[in-house]
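# Structure assessment
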Amino acid sequence: MADVTSTWTEPSNTPLALLLLGKGTDPASERGVDCPGDLPAPSDPDLVARATAAKAALGDRVFVLGHHYQRDEVIRFADVTGDSFKLAQQAAARPDAEFIVFCGVHFMAESADILTKPSQRVILPDLAAGCSMADMAVLGQVETAWEHFQDLGIAGDIVPVTYMNSSADIKGFVGRNSGVVCTSSNAKRALTWSFEQGSKVFFLPDQHLGRNTAVLEMGFDLDDCVLYDPHKPHGGLTDEELRNAKMILWRGHCSVHGRFTIDSVREVRERVPGVNVLVHPECRHDVVRAADYVGSTEYIIKALDAAPAGSAWAVGTELNLVRRLALAHPDKQVMFLDRTVCYCSTMNRIDLPHLVWTLEELVAGRVPNVITVDEKTAREARVALDQMLALP
């Protein structure tokens, strides 16, 4: 890459590189829905010009959102960039935009549909852009777990909390059971509120964010947390373990952040003396404990913006963002915490050909890939989202 600064070292490819770049499918974790129609060829030299022309033709009718983990070729056409909740809020703040093109993943587009006006249409350029973490919490499995809690007589003590990175179905479940949605930025506030309502929390779907917040920010012990595995009878837990637990963690995780290991941290500290290790709270507990700084995507961006020139940073989050931060801060040594490629494979499905196809379809009067949450689910999910917005 000719435009990469001298301090940036591109991680090595692996046999999974094509999958990680969105060139394959993973039926076990992705929605696997192909887009209809003919996409422009990835090698088309006119893609940028076509995207520019289509976006200009649509004018204020379209509002393009770009998640931080998106490719640079897509980010350049975003009207706003940010994390999932910020983008959904931005969509809701544009009531005059007829089309919301969400360059992110499926659950993000669902949140935008919940928060926008019924007359607006939220579009996902590639329906296969799912989220493996969100797909690890299936509504039927969650309801089965809740029924077991009711049979044990503990459901009344439990407040369900779901991470923003969950499906609308799961947010709806949490809303109708008097729970709350959280982000990686406000997880502590959400858990504090939840423990004021009950004595236990059922945390979905990311075990690592739940565990890291409870133990490292709220003073709980690891023994206060149990892991509920939906693929085992009763979650693989005894009745006594469930009764004694304060945090019942769903067995889910981020496929990207879960790749970082304690060995990654040790290796970079040996290789780069004085390096600052900065990671996302979706990382494993031992990685978070070993890091110097832990925070959300927005926290990571602000930390590097404020870092002194000449400082060295090993960042444990999605590769597209880390590369972008490295290029934005040539006066600092910014590196990827892992030695190998670690893209969000489903996020990378939103590429420039898909975006061009989407915009040109809209110009032609055809509306592709509309994401719609049914009215009942949206109403119940909105309860949990509103509760998050009301957190002190």
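Turning to the packing of helix H2 (residues 47-58) against helix H16 (residues 352-363), a few remarks are in order. Contact pair H2 / H16: the axes reach a minimum separation of 9 Å and the direction vectors enclose 35°. Every pair of crossing elements has a handedness; the one defined by H2 and H16 is left-handed. For the pair H2 and H16, the contacting residues are Leu47, Val48, Arg50, Ala51, Ala54, Lys55, Ala57 and Leu58 in the first and Leu352, Pro353, Val356, Leu359, Glu360, Leu362 and Val363 in the second. A class-by-class count of the residues in the contact of H2 with H16 yields twelve nonpolar, no polar and three charged.

We now examine the pattern of salt bridges. Between side chains of opposite charge, a pair can form when the charged atoms approach closely. Applying the stated criterion to the full structure yields 15 salt bridges. Arg366 is paired through a salt bridge with Glu361; the nearest N and O atoms lie 3.0 Å apart. Judged by its relative accessible area of 47%, Arg366 falls in the partly exposed class. On the basis of relative accessibility, which here comes to 17%, the residue Glu361 falls in the buried class. Close ionic contact of Glu380 with Lys376 constitutes a salt bridge, the shortest N to O distance being 2.9 Å.

Here we take up the packing of aromatic side chains. In total, this model carries ten aromatic pairs according to the counting rule given. Between the aromatic rings of Phe260 and Phe336, the centroid separation amounts to 5.6 Å while the plane-to-plane angle is 70°, which identifies the pairing as edge-to-face. Taken as a pair, Phe260 in the loop between strand E9 (247-250) and helix H12 (262-271) and Phe336 in strand E13 (residues 333-336) lie far apart in primary sequence, 76 residues in all. Residue Phe260 is classed as buried on the basis of its relative accessible area, which comes to 0%. Plain terms: the ring middles of Tyr293 and Trp313 are 5.5 Å apart, the flat faces sit at 35° to each other, and that makes the pair tilted. One end of the pair, Tyr293, is in strand E11 (residues 293-294); the other, Trp313, is in strand E12 (residues 312-316), with 20 residues separating them in the sequence. Given a relative accessible area of 35%, Tyr293 falls into the partly exposed group.

Time to look at the sheet that holds E13. Spatially, four strands are ordered E11-E10-E12-E13 in an open sheet, and the strand pairing comes out parallel. Two strands lie at the open edges of the sheet, namely E11 and E13, each paired on one side alone. Where E12 meets E13, four bridges bridge the pair, whose relative direction is parallel. Opposite Val315, over in E13, you have Phe336 as the bridge partner. Sitting on the sheet, helix H15 (residues 319-328) touches E12 and E13, and the angle it makes with E13 is about 165°.

So, on to helix H7 (residues 139-152). Each turn of an α-helix holds 3.6 residues, which means side chains three or four residues apart point in the same direction. Relative to the 20 Å expected for 14 residues at 1.5 Å per residue, H7 spans 20 Å between its end C-alpha atoms, a close match to the ideal helical length. Those residues of H7 that are buried lie in contact with strand E5 (158-163), helix H8 (168-176), strand E7 (200-204), strand E8 (225-228), helix H11 (239-244) and E9. Looking one or two places after H7, you find Gly153, whose phi comes out positive at around 80°.

Another point: the pairing of strand E10 (residues 276-279). A regular strand carries its side chains on alternate faces of the sheet. Burial along E10 is two-sided: the face carrying Asn276 and Leu278 and the face carrying Val277 and Val279 are both buried. As defined by bridge partners, E10 adjoins E12 across four bridges and the pair is classed as parallel. What sits directly across from Leu278, in E12, is Val315. Relative to E11, E10 runs parallel, the two being bridged by two bridges. Note on E11: the bridge partner recorded for Leu278 is Tyr293. You can see the chain leave E10, run along helix H13 (residues 285-290) and come back into E11, and the turn it takes is right-handed.

Let us now look at the nonpolar core. Among the nonpolar cores identified, the biggest contains 128 residues, and Phe149, Phe202, Phe203 and Ile248 are the most heavily contacted of them. Broken down by element, the residue count for this core peaks at six residues, all from helix H5 (residues 106-115). Residue contacts for Ile248: discarding those within four places in its chain leaves Phe149, Ile158, Val201, Phe202, Phe203, Val226, Tyr228 and Leu242.

Attention now goes to the sheet that holds strand E2 (residues 80-82). Either a parallel or an antiparallel arrangement is found when strands of a sheet pair, and the pairing is made through backbone hydrogen bonds. Sheet architecture is open: five strands sit in the order E2-E1-E3-E4-E14, paired in mixed fashion. Only two strands of the sheet have a single neighbouring strand rather than two, namely E2 and strand E14 (370-371). By the bridge criterion, three bridges tie strand E1 (residues 62-67) to E2 in an arrangement that is parallel. Within E2, the position partnered with Gly66 by the bridge is Thr81.

Burial within E7 is extensive, with five of its five residues counted as buried. With burial as the criterion, each face of E7 is covered, one bearing Lys200, Phe202 and Leu204 and the other bearing Val201 and Phe203. Note: E5 against E7, five bridges, orientation parallel. Residue pairing across strands places Ile158 opposite Lys200, the latter belonging to E7. When E7 meets E9, the two strands line up parallel, connected through three bridges. Looking at the pairing, Phe203 lines up with Leu249 of E9.

Scored by pLDDT, the protein comes out at a mean of 89, with 89% of its residues at no less than 70. Every residue in residues 1-6 scores below 50 in pLDDT, and together they form seven contacts with partners more than four places removed in sequence or on other chains. This stretch, residues 13-36, has a pLDDT under 50; its non-local contacts, to residues over four places away or in other chains, come to 50 contacts.

Scoring rules and cut-offs
- Residues numbered from 1 in each chain as written.
- Predicted model: local features only at pLDDT ≥ 70, side-chain atom pairs only at ≥ 80, totals over all residues.
- Heavy atoms only, no water.
- Axes fitted to C-alpha atoms, helices over the stretch in contact; angles between N-to-C directions.
- Helix = DSSP H or I, 4+ residues; strand = E, 2+ residues; numbered from the N terminus.
- Left-handed = near helix turned anticlockwise from the far one by under 90°.
- Contact = heavy atoms within 4.5 Å.
- Nonpolar A, V, L, I, M, F, W, Y, C, P; charged D, E, K, R; others polar.
- Salt bridge = Lys/Arg side-chain N within 4 Å of Asp/Glu carboxyl O.
- Buried < 20%, exposed > 50% of the residue type's maximum accessible area, 1.4 Å probe, protein only.
- Phe/Tyr/Trp six-rings, centres within 6.5 Å; stacked < 30°, edge-to-face > 60°.
- Pairing = 2+ DSSP bridges.
- Expected span 1.5 Å × (residues − 1).
- Right-handed = clockwise from strand over helix to strand, strands pointing away.
- Core = buried A, V, L, I, M, F, W, Y, C linked by side-chain atoms within 4.5 Å.
- pLDDT = per-residue confidence, 0-100.

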